[in-house]
Amino acid sequence: MRMLILGVGDAFTRRHFGSSAIIEGPQGLVLIDCPDPIHRTVNEASLRAGWPIDTSQIHDIIITHLHGDHCNGLESFGFARRLARMRDAAMPKPRLHVSQPVAERVWQKLAPAMDASMGQSRPSTLEDYFELRTLSPDRPAQIAGLTVRCRFTQHPVPTIGLLASNGRNTIGWSADTPFEQEHIDWLAKGADIFVHESNRGPAHTPIESLNRLDAKVKKKMRLIHLPDDFDPQTTDISILREGDVLNV
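What counts, and where the lines are drawn
Residues numbered from 1 in each chain as written. Predicted model: local features only at pLDDT ≥ 70, side-chain atom pairs only at ≥ 80, totals over all residues. Heavy atoms only, no water. Pairing = 2+ DSSP bridges. Helix = DSSP H or I, 4+ residues; strand = E, 2+ residues; numbered from the N terminus. Contact = heavy atoms within 4.5 Å. Axes fitted to C-alpha atoms, helices over the stretch in contact; angles between N-to-C directions. Buried < 20%, exposed > 50% of the residue type's maximum accessible area, 1.4 Å probe, protein only. Arc of directions from axis to C-beta. Polar contact = N/O pair within 3.5 Å; in protein donor to acceptor, adjacent residues only side chain to side chain. Phe/Tyr/Trp six-rings, centres within 6.5 Å; stacked < 30°, edge-to-face > 60°. Lys, Arg positive; Asp, Glu negative; His and termini not counted. Salt bridge = Lys/Arg side-chain N within 4 Å of Asp/Glu carboxyl O.

Colleague: If you had to explain the sheet that holds strand S10 (residues 170-173) to someone new, which residues and values would you point to?
Modeller: Across a sheet, paired strands are connected by hydrogen bonds in the backbone, their directions being either parallel or antiparallel. Across the sheet, which stays open at both edges, the 7 strands sit in the order S7-S8-S9-S10-S11-S12-S13 with mixed pairing between neighbours. The open sheet has two free edges, formed respectively by strand S7 (141-143) and strand S13 (238-239), since each of these has just one partner strand. Both S10 and strand S11 (residues 193-197) contribute to a ladder of 3 bridges, which runs parallel. Counted as the bridge partner of Ile171 is Ile193 from S11. On top of the sheet, helix H6 (residues 181-190) reaches strand S8 (146-152), strand S9 (160-165), S10 and S11; it is set at about 10° to S9, its chief contact.

Now the structure itself:
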């Protein structure tokens, strides 16, 4: 089971791309969050990793929440795929996997840029770009051959963390979250390795809180969503870089 780290930055980064990744499932690639510029983000990370991936190969996207640094790339991804499908009807419509609160509002975010008719006799809708699927903490979802479970974090907008399993191994993704021991326990218990955010402010997890965790938990943890001026000397937890590949 492999995960390619696409971006490691926060919303204000000048050095990185927004925090995001691709998981290789038994039946395809799954994009976790979709920052802008998504096509460059995927291209540069795949070149660094030596793992050639193009966005045209991605047919499943999970959006953890609707803050722009995690979903603004949906506009260019959606337009590119729709135009590709106009040229080639065999190209699949991408599946967009989100929690119910995000499902109710995602088109409000995208519509001002994407609701033009594009040659139709009616305005475009979300369904012209994506096949919408809803994730719930109450039931696992099957995505590209992976069993995906989710859990709501305490971020100011509805946000889900993830556990993705191929039946043998599991990778976790905290998504944006303030420090919450229950969320970390859920990730650490369920995953062989998990990616956790760390940043400043009440909506995120300070590194000092993560540093106090049990050594066994920290061994499974990898850090992401760090501020540009983060000092690696302040923690013994492994820090991810764009183009890193996690093998589980």
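On we go.
Colleague: Which residues make up helix H5 (residues 106-114), and what values do they have?
Modeller: Among the residues of H5, those classed as buried are Val106, Leu110, Ala111 and Met114. Each buried residue of H5 lies within a common arc of 120° when the element is viewed along its axis, so the set occupies one face. For H5, exposure combined with an orientation more than 90 degrees from the buried face picks out Gln108 and Pro112. Against helix H3 (74-87), strand S5 (95-99) and helix H4 (100-103) lie the buried residues of H5.

Colleague: Outline the side chain of Asn166, listing residues and values.
Modeller: Following the sequence through the fold, Asn166 ends up in the loop between S9 and S10. Among the polar contacts listed, one links the side chain of Asn166 to the backbone nitrogen of Arg168, at a separation of 2.9 Å. Looking at Asn166, its side chain comes within polar contact range of the main-chain nitrogen of Asn169, at 2.8 Å. Once residues lying within four places of it in the same chain are set aside, the contact partners of Asn166 are Met1, Pro26 and Leu146.

Colleague: Could you give an account of the packing of aromatic side chains, with specific residues and numbers?
Modeller: Counting across every chain of the model gives 2 aromatic pairs. Ring geometry for Phe79 versus Tyr129: centroids 5.6 Å apart, planes at 90°, classification edge-to-face. Here Phe79 is found in helix H3, whereas its partner Tyr129 is found in the loop between H5 and strand S6 (131-135), with 50 residues between them in sequence. Looking at Phe79, the relative accessible area reads 24%, which means it is partly exposed. Both rings, one in Trp107 and one in Tyr129, keep their centres 6.2 Å apart while their planes meet at 35°; by these two values the pair is tilted. Of this pair, Trp107 sits in helix H5 while Tyr129 sits in the loop between H5 and S6, and the two are 22 residues apart along the sequence. Judged by relative accessible area, Trp107 falls into the partly exposed class, the value being 21%. Of the residues examined, Tyr129 reaches a relative accessible area of 1% and is grouped as buried.

Colleague: Give a description of the side chain of Glu197 that names residues and reports values.
Modeller: Tracing the backbone shows Glu197 in strand S11. In this structure Glu197 is buried but unpaired, with Arg200 as the nearest side chain of opposite charge at 11 Å. A distance of 2.4 Å separates a polar atom in the side chain of Glu197 from a polar atom in the side chain of His204. In this structure Glu197 touches Ser174, Ala175, Asp176, Thr177, Ala203, His204, Thr205, Leu210, Ile224 and His225, once residues within four positions along its chain are discounted.

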